[in-house]
Amino acid sequence: AQTVTQSQPEMSVQEAETVTLSCTYDTSENNYYLFWYKQPPSRQMILVIRQEAYKQQNATENRFSVNFQKAAKSFSLKISDSQLGDTAMYFCAFGSIQGAQKLVFGQGTRLTINP
Amino acid sequence: EPEVTQTPSHQVTQMGQEVILRCVPISNHLYFYWYRQILGQKVEFLVSFYNNEISEKSEIFDDQFSVERPDGSNFTLKIRSTKLEDSAMYFCASSRDDSTKLGSTDTQYFGPGTRLTVL
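Residues numbered from 1 in each chain as written. Chains lettered and ligands numbered in written order. Predicted model: local features only at pLDDT ≥ 70, side-chain atom pairs only at ≥ 80, totals over all residues. Heavy atoms only, no water.

Draft legend 1. Expanded view of the state of the cysteines. Evaluation of the coordinates by the stated rule reveals two disulfides over all chains. One disulfide in the model links Cys23 of chain A with Cys92 of chain A; its S-S distance is 2.0 Å. Disulfide Cys23 of chain A-Cys92 of chain A: the torsion about the S-S bond is -70°, which places it as left-handed. On the criterion of sequence distance, the pair formed by Cys23 of chain A in the loop between strand S3 (19–21) and strand S4 (24–26) and Cys92 of chain A in strand S10 (residues 88–96) is long-range, its members being 69 residues apart. Of the two residues, Cys23 of chain A and Cys92 of chain A, neither departs from the other in class, the shared state being buried. Between the sulfur of Cys23 of chain B and that of Cys92 of chain B lies a disulfide, 1.9 Å long from S to S. Torsion about the S-S bond of the Cys23 of chain B and Cys92 of chain B cystine: about -65°, corresponding to left-handed handedness. (Disulfide = S-S within 2.5 Å. Helix = DSSP H or I, 4+ residues; strand = E, 2+ residues; numbered from the N terminus. Buried < 20%, exposed > 50% of the residue type's maximum accessible area, 1.4 Å probe, protein only.)

What follows is the structure, encoded as structure tokens:
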């Protein structure tokens, strides 16, 4: 079974700073997908970025980028020029290409952007 | 932009009562999911649904739970006899994936959730 670990329960940075959230996972599969979801106080789950394991190039989405290290099973999220609206819980998730493709989530990192 | 919708946003019920949580997935999506999140904890998979049947379910999804797609648009989660520990946020999600395409997957889009409180 896959597991996802986020070792930083909470992080706090000043507005406009860059912050990196860590995520490691464990799987025996070779092809899979990784996601970062954001959960603001409204508790809706919003997709931030996704990475296909077969792609060597790290995914980017505006101010959000990932550092995907397949051998190390590491998938960190970098937020550049952080904004107050980035304040949220961030969940890393593993998606298998096999079976029903359920997502396995990490415990989450609570990120606070301070003015 | 199409989105997943869920009703109600908040449901309060008495222990032992039946509840039905409703979801309208994105219209061209084929896979449907229910997840739950107990307050302060991580999001947990409950069940996936494809081609009018359950594809996979977790150990949480016991006989008290059932899912249904009663028509072409709605996807429901029923809890037959609620327990205190069923209090959680329940998220519906859908994805476009066609499982006949080996090696494919697609992003799951989540609804805003239903907060279930069992008293």
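Still to come is the rest of the account.
Draft legend 2. Focus on the pattern of salt bridges. Scanning the entire structure with this criterion turns up six salt bridges over all chains. The partner of Lys102 of chain A in a salt bridge is Glu56 of chain B, and the shortest N-O contact between them spans 3.2 Å. Of the two residues, Lys102 of chain A is situated in the loop between S10 and strand S11 (103–105) and Glu56 of chain B in strand S6 (residues 53–57); the pairing between them involves two chains. In this structure Lys102 of chain A comes out as partly exposed when scored by relative accessible area, which is 26%. Notably, a salt bridge pairs Arg36 of chain B with Glu44 of chain B, separated by 3.3 Å at the nearest N-O pair. Exposure remark for Glu44 of chain B: the relative accessible area of 24% places this residue in the partly exposed category. When salt bridges that share partners are traced, they join Arg50, Glu52 and Lys55 of chain A into one network. (Salt bridge = Lys/Arg side-chain N within 4 Å of Asp/Glu carboxyl O.)

Draft legend 3. Spatial organisation of the nonpolar core. If you look at the biggest cluster of nonpolar residues, it comprises 26 residues, and the most contacted ones within it are Tyr25, Trp36, Phe75, Leu77 and Tyr90 of chain A. Among the secondary structure elements, those contributing two or more residues to this core are S3, strand S5 (32–39), strand S6 (46–52), strand S8 (64–69), strand S9 (74–79), S10 and strand S12 (109–114) of chain A. The next biggest cluster of nonpolar side chains, apart from the first, holds 22 residues, and it includes Val4, Leu46, Leu77 and Leu116 of chain B. (Core = buried A, V, L, I, M, F, W, Y, C linked by side-chain atoms within 4.5 Å.)

Draft legend 4. Focus on the layout of surface pockets. Of the volumes computed, that of the largest pocket is approximately 340 Å³. Considering the residues around the largest pocket, the lining is formed by 15 residues, among which Lys102 and Val104 of chain A together with Glu44, Phe45 and Glu59 of chain B are closest to the centre. Only strand S1 (3–5) and S11 of chain A together with strand S5 (44–50) of chain B provide two or more residues apiece to the lining of the largest pocket. At three residues, S11 of chain A tops the list of elements feeding residues into the lining of the largest pocket. Broken down by class, the residue content of the lining of the largest pocket amounts to eight nonpolar, three polar and four charged. (1 Å grid on protein atoms, 1.4 Å probe; cavity = no way out; pocket = protein on both sides within 12 Å on 5 of 7 lines; lining within 4 Å. Points joined across faces, edges and corners; volume = space filled by probe spheres on them. Nonpolar A, V, L, I, M, F, W, Y, C, P; charged D, E, K, R; others polar.)

Draft legend 5. Expanded view of the sheet that holds strand S7 (residues 65–68) of chain B. Residue and element names in this part refer to chain B. Pairing within the open sheet is antiparallel, and its four strands lie in the order S1-S3-S8-S7. The sheet is open, and its two edges are formed by strand S1 (5–7) and S7, each paired on a single side. Direction aside, neighbouring strands of the sheet carry axes that sit 20° apart on average. As paired strands, strand S3 (residues 19–24) and strand S8 (residues 75–79) are joined by five bridges and run antiparallel to one another. For Arg22, the partnering residue across the bridge sits in S8 and is Thr76. (Pairing = 2+ DSSP bridges. Axes fitted to C-alpha atoms, helices over the stretch in contact; angles between N-to-C directions.)

Draft legend 6. Structural detail: the environment of Pro41 of chain A. Residues and elements named next belong to chain A. As for its position among the elements, Pro41 is in the loop between S5 and S6. Residue Pro41 is classed as exposed on the basis of its relative accessible area, which comes to 73%. Counting along the chain gives 48 residues from Pro41 to Met89, while the straight-line C-alpha distance between them is 8.1 Å.

Function cannot be inferred from these measures alone, as they are strictly geometric.
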